[in-house]
Amino acid sequence: MNDEPLNVTSELDEELWDSFVAGSPQASAYQLYAWRRVIENSFGHASHYLAAVGPAGEVQGVLPLFHIRSAIFGNFLVSLPFVNYGGLLCRSEGAQAVLLQEAERLRRSLGASYVELRHLGHAVPGLPTSSRKVTMLLPLAGSEEEQWARLDPKVRNQVRKAQKSGLRWTMGGAELLDEFYRVFARNMRDLGTPVYPSGFFLQVASCLAEGASVVLVEGAGATVAAGIATCSRDTMEMPWASSLSEYRPLCPNNLLYWETIKLAISRGLTTFDFGRSTIGEGTYRFKKQWGAQPVQLYWQYLMDEGEPLPELNPGNPKFRLAIKLWQRLPVAVTRLIGPPIVRNIP
């Protein structure tokens, strides 16, 4: 371990930041600097991109943070909001220690209740931790044929049903975002969840450039399922995917995922990330039938001793009435009033 003193800076050059992330095996795509622009441009939250730097200027660790302040939902810092991963990325225990120390200092100076660190597969010892979520990772075969043979027979039948029903998959860029958003906004309303602004997905498409694709399933003269797939290193992820409930008997979700998995295989990728789920719930069972395996997510906190863990999630009983009311609103209304609400629910 490097015993030289480390300084924490919030002014690290973007190129140096991304070079450190690219050279770190445990890094996620969300720790790249582009996500600073995505979230700042979409939601307007102040960011604090902290880096631990040695005497010779070598980067030893980074911690991207966003400050969210709301009269309803509270005052807190998150790494990273609106996505599954983030948190500390360090090459030494010393870097981890000084970044945590600076994050706690920042929390107190901003009057924030807590700092939330979204870690994948590893946890910082001693921090208050929520382990209620996992991400579902599917190892990819070397060929489409081999992947097909690995699928559960039920999944293969559902893909065939979608194909025989005349559904078709297509892929593109920002020109398909309106169709994606129409399906996504409707599905979020049905779930009782405020929808992200359409500008958020435009920022994803523009700031990530070739790293993001819009995928659609079309049939019966309409887009019936849609998703956004992102690529990083050897992994393709579909963090946002939705379908229209009246078409679900035709299995459009199965076609959406199968064709996108085929795309990942054609690019030589080795992992497909289905995104986060709660063990035992419907989305978890859907992802598991594809052969995806759970990897633990550790959402960890810097907070005052004795305080309960935050529960800004739909499973919190105090949000049940709001969810039921939201499900009754016209989609057009939710598209108007949803974005100002959801910007403070990370």
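Here goes a summary of the coordinates provided.

Looking now at the environment of L88. Its place among the elements puts L88 in the loop between strand 4 (74-79) and strand 5 (89-90). Given the relative accessible area of 5%, L88 is considered buried. The residues contacting L88, other than those within four sequence positions of it, are Q31, V62, L63, Q96, L99, L100, L117, H119, H122 and V124.

A few words on the pattern of salt bridges. Applying the stated criterion across every chain, the model contains 16 salt bridges. For R189, the salt bridge goes to D190, with nearest N and O atoms at 2.9 Å. Put simply, E104, R107, R108 and D304 are held in one network by salt bridges that share partners.

Next up on the list: the packing of helix 6 (residues 177-191) against helix 11 (residues 331-342). Helix 11 packs onto helix 6 with a crossing angle of 90° between their chain directions and a minimal axis gap of 9 Å. Comparing the axis directions of helix 6 and helix 11 gives the class roughly perpendicular. Residues Y181, R182, A185, R186 and R189 of helix 6 lie in contact with helix 11, whose contacting residues are V331, T334 and R335. Residue composition of the contact of helix 6 with helix 11, by class: 3 nonpolar, 1 polar and 4 charged.

Now for a nonpolar patch on the surface. Residues V333, L336 and I337 make up a contiguous nonpolar surface patch of about 250 Å² in total accessible area. Position of V333 among the secondary structure elements: in helix 11.

Once that is clear, we can look at the environment of E4. In this fold, E4 is placed in the segment before strand 1 (7-9). Given a relative accessible area of 42%, E4 falls into the partly exposed group. Put simply, E4 and G54 are 50 residues apart on the chain and 6.9 Å apart in space, counted from C-alpha to C-alpha. Residue contacts for E4: discarding those within four places in its chain leaves P55 and E58.

Glancing now at empty space enclosed by the protein. Take a probe with the size of a water molecule and roll it over the atoms, and the empty space left behind shows itself. Within this structure, the stated rule accounts for 1 cavity of 30 Å³ or more. By volume, the largest cavity is sized at about 30 Å³. In this structure, the largest cavity is lined by 10 residues; those nearest its centre are S213, A229, C231, M236 and R267. Taken together, the elements giving at least two residues each to the lining of the largest cavity come down to strand 10 (212-219) and strand 11 (222-232). Residue composition of the lining of the largest cavity, by class: 5 nonpolar, 3 polar and 2 charged.

Parameters at a glance
Residues numbered from 1 in each chain as written. Predicted model: local features only at pLDDT ≥ 70, side-chain atom pairs only at ≥ 80, totals over all residues. Heavy atoms only, no water. Helix = DSSP H or I, 4+ residues; strand = E, 2+ residues; numbered from the N terminus. Buried < 20%, exposed > 50% of the residue type's maximum accessible area, 1.4 Å probe, protein only. Contact = heavy atoms within 4.5 Å. Salt bridge = Lys/Arg side-chain N within 4 Å of Asp/Glu carboxyl O. Axes fitted to C-alpha atoms, helices over the stretch in contact; angles between N-to-C directions. Parallel < 35°, antiparallel > 145°, perpendicular 65-115°, else oblique. Nonpolar A, V, L, I, M, F, W, Y, C, P; charged D, E, K, R; others polar. Patch = residues over 30% accessible without salt bridge, like charges linked within 9 Å, V, L, I, M, F, W, Y side chains within 5 Å. Areas by Shrake-Rupley, 256 points an atom, 1.4 Å probe, with all protein chains shown as cover. 1 Å grid on protein atoms, 1.4 Å probe; cavity = no way out; pocket = protein on both sides within 12 Å on 5 of 7 lines; lining within 4 Å. Points joined across faces, edges and corners; volume = space filled by probe spheres on them.

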